Amino acid sequence: MTAPLHEAGVAELASGLAQGRCSAVELAGELLARAQADAGLGAFLSIDREVTLAQARAADARRAQGLAGALTGVPVAHKDIFVTRELPSTAGSRMLADYRSPYDATVVARLGAGEPGGAPGAGMVMLGKLNCDEFAMGSSNENSAFGAVRNPWSRDRVAGGSSGGSAAAVAARLVPAATGTDTGGSIRQPAAFCGITGIKPTYGVCSRYGMIAFASSLDQAGPMARSAEDCAWLLSAMGGFDPRDATSVEQPSVDYVAQLHTPREGAGAGRPLAGLRIGLPREFFPAGLSQDVAHAVRAALAELERLGATLVDVSLPRTELSIPVYYIIAPAEASSNLSRFDGVKFGHRAAHHGDLADMYRKTRAEGFGAEVKRRIMIGTYVLSHGYYDAYYLQAQKLRRMIADDFQACFGQCDVIAGPVAPTVAWELGAQAHDPIASYLADIFTLPASLAGLPGMSVPAGFGTQGLPVGLQLVGNYFREGELLHTAHALQQATDFHLRRPPGA
Ligand code: GLN
């Protein structure tokens, strides 16, 4: 390998391992040391050296037997919302502080050793589990029961959320790639805040089996890495039909890496995006957008134009409504999903209690943090007999209209682009006591989530204080290949995704 091992991305490590320039054990050893030191970020929640080294030895053994796949031996870390047999699975909650799962999530198994009784997995080596907002509820990672994650670009800023540990670990070169989950922006927004690349695929592409549930009609897993190419490698291994998830789409996994390199019809030298129509929803460029974000996003769009794309004006008229719609539907589903944490079946149980009802009350009072409790209360309220029609049903109707608005846009364009978030990463604590401010900051990621569409965050530049800005790309259903192709073309022409935070 030319550069130090920790600087290499997924594709580079895969070829280094294939060519015998390093072993999985050597690689795991170096990255374990970095992950354990953590650079003061708070990104990892659990690491078990022996577990990781055993997986690395198994990867080297498979390679020696000629059984290695492209990713065999490449390290990965998982958001702590995915259950794992060999490491704790906390969902960032006190409720699950000591929880051990008897099985691996499908995504974890597919990237790792494979599903029990199924095909072998990609053989990636699990470095550890990553911090996140409690039950993935949040936009800053400050809702984790185990402490906030710091942004590697500026330690007094948030890393974003809820997949903040994943984004910070990848940005700080603690791990080449990580998994995340996105219910309303939790892959895209932390990726943008930390200057990395992340994609939330179409709802149903990645199995939710073993993903601790937040809002089941929205939750979707996806990869977070430094480049679109690295994301394509992971997504190809993660996705595809899983009979264990009733909303999994019945299609085989797709080779997104091949799609990266498939030229568009009509593309020519220097114009790889010729013929691509990129729609800019006017609602994604409001007057209040921060200058840092507006400048970087405009510059990235100009670059996409140079690469052959045409920009067209479109409209998503219900963009603003996606905030109340999401903050009704997501808490409604969360209040139902979280009812399983009752002190009987999983996790925490209050030590001192009276009768059964008192045990439930004390267990849930002790186990859940403030934001989770707030959402359970909102969700229970909007689902209650007197308010169901006024809130939940109305929100469902609007959700359909938001999805229809996207289809109207896709009549005029192939891909939609805009900012991921209205600002760069804010200071730690700045919104800690203002949940509404944090809800409002989700405005550009919620629409695609409600519609179930694939969305991506691509590094687009830096603001005046050196903080990263993300460009959001949204595609039509199952067009993640087109998003990755577009982002890859941009990354061949720019170097924002290669820049390293100070000290990394
Ligand atoms: N910030 C949003 C929320 O708090 C989205 C979180 C997510 O995508 N998991 O619900």
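The structure this text deals with has already been given above.
For clarity, every value in this text was computed on a predicted model and none was experimentally measured.

A. Fine view of the layout of surface pockets. Roughly 550 Å³ of volume is contained in the largest pocket. The wall of the largest pocket is formed by 32 residues, among which Asp104, Ala109, Gly112, Ala113 and Gly114 lie closest to the centre. Elements that contribute at least two residues to the lining of the largest pocket include exactly helix 3 (49-64), strand 2 (75-79) and helix 4 (106-111). Of the residues assigned to the lining of the largest pocket, the class counts are 17 nonpolar, 9 polar and 6 charged. Here the second largest pocket is characterised by a volume of approximately 350 Å³. In this structure, the second largest pocket is lined by 18 residues; those nearest its centre are Tyr103, Gly210, Met211, Ala213 and Arg340. Class assignment of the residues belonging to the lining of the second largest pocket gives a composition of 11 nonpolar, 2 polar and 5 charged.

B. The arrangement of the packing of helix 10 (residues 322-337) against helix 12 (residues 370-382) in detail. For the pair helix 10 and helix 12, the least separation of the axes is 7 Å and the interaxial angle reads 100 degrees. The angle between helix 10 and helix 12 falls in the class roughly perpendicular. From helix 10, Tyr327, Ile328, Pro331, Ala332 and Ser335 reach across to helix 12, where they touch Arg375, Ile376, Ile378, Gly379, Thr380 and Val382. Here the contact of helix 10 with helix 12 is composed, by residue class, of 7 nonpolar, 3 polar and 1 charged.

C. Just the environment of Thr90, in detail. Relative to the helices and strands, Thr90 resides in the loop between strand 2 and helix 4. In sequence terms Thr90 and Leu45 are 45 residues apart; their C-alpha atoms lie 8.6 Å from each other. Here Thr90 is in contact with Leu45, Asp80, Leu96, Ala97 and Phe146, once residues within four sequence places are set aside. One polar contact links Thr90 to Asp80, side chain to side chain, over a distance of 2.6 Å.

D. Spatial organisation of helix 1 (residues 10-18). Of the positions making up helix 1, those classed as buried are Val10, Leu13, Ala14, Gly16 and Leu17. Along the axis of helix 1, the buried positions cluster into a sector of 165 degrees, meaning they face one direction only. Among the residues trailing helix 1, Gly20 stands out with phi positive, at a value near 70 degrees.

E. Local environment of the site of the ligand. Neighbouring residues of the ligand: 15 residues in total, closest Ala136, Gly184, Ser186, Tyr326 and Arg375. Between Gly138 and the ligand, the recorded distance is 2.8 Å, taken from a backbone N or O atom to an oxygen atom. Between an oxygen atom of the ligand and a side-chain N or O atom of Arg375, the distance comes to 2.7 Å. For the ligand, the accessible surface in isolation is 290 Å², of which the surrounding protein chains cover 99%. Placement of the ligand is best described as lying within the largest cavity. Tallied by class, the residues present in the shell around the ligand amount to 5 nonpolar, 7 polar and 3 charged.

F. Inspection of helix 3 at higher detail. Between the first and last C-alpha of helix 3 there are 22 Å, a value that for 16 residues agrees with the 22 Å anticipated at 1.5 Å per step. For helix 3, the complete set of buried residues consists of Val51, Thr52, Leu53, Ala56 and Ala59. Tucked inside the fold, the buried residues of helix 3 contact helix 2 (24-37) and strand 3 (125-130). Two or three places before Glu50, at the start of helix 3, stands the capping residue Asp48, its side-chain oxygen 3.0 Å from that residue's backbone nitrogen. Of the residues trailing helix 3, Gly66 is marked for its positive phi of about 75 degrees.

Rules behind the numbers
Positions within a chain are numbered from 1, following the residues in the order the chain's sequence is written. Only residues with pLDDT of 70 or above have their local features reported here, since the model is predicted, and side-chain atom pairs are shown and tallied only from 80 upward, although totals for entire chains, interfaces and linings are computed over all residues. Values reported for side chains reflect all heavy atoms of the structure, with hydrogen atoms and water molecules removed beforehand. The pocket and cavity definitions rest on a 1 Å grid over protein atoms only: a 1.4 Å probe that fits but cannot leave marks a cavity, an open set with protein on both sides within 12 Å along at least five of seven lines marks a pocket, and residues lining either have an atom within 4 Å of a point. Grid points are joined across faces, edges and corners, and a volume is the space filled by probe spheres set on the points. By the criteria applied, helices consist of DSSP H or I runs no shorter than four residues and strands consist of E runs no shorter than two, each listed in order from the N terminus. Under the scheme applied, nonpolar residues are Ala, Val, Leu, Ile, Met, Phe, Trp, Tyr, Cys and Pro; charged residues are Asp, Glu, Lys and Arg; polar residues are all the others, including Gly. Axis definition: a line fitted to C-alpha atoms, over the contacting stretch in the case of helices. Angles run 0 to 180 degrees between N-to-C directions. By definition in this entry, angles of less than 35 degrees are roughly parallel, angles greater than 145 are roughly antiparallel, angles of 65 to 115 are roughly perpendicular, and the rest are oblique. It only takes one pair of heavy atoms within 4.5 Å for two residues to be counted as in contact. Any pair of N or O atoms that falls within 3.5 Å is considered a polar contact. Within protein, one atom must be able to donate a hydrogen and the other to accept it, and sequence-neighbouring residues count only if both atoms are side-chain atoms. Only protein chains enter the accessibility calculation, which uses a 1.4 Å probe; a residue is then buried when its area is under 20% of its type maximum, exposed when over 50%, and partly exposed in between. The arc in question is the one spanned by the directions pointing from the helix axis to the C-beta atoms. Consider each residue's heavy atoms; a residue with any of them within 4 Å of a molecule or strand counts as near. Only the protein chains shown count as cover for residues, and the accessible areas themselves come from Shrake-Rupley with a 1.4 Å probe. Just a note on the criterion: a molecule sits in a pocket or cavity if more than half of its atoms are within 2 Å of the grid points. Expected span of a helix: the number of residues minus one, times 1.5 Å.

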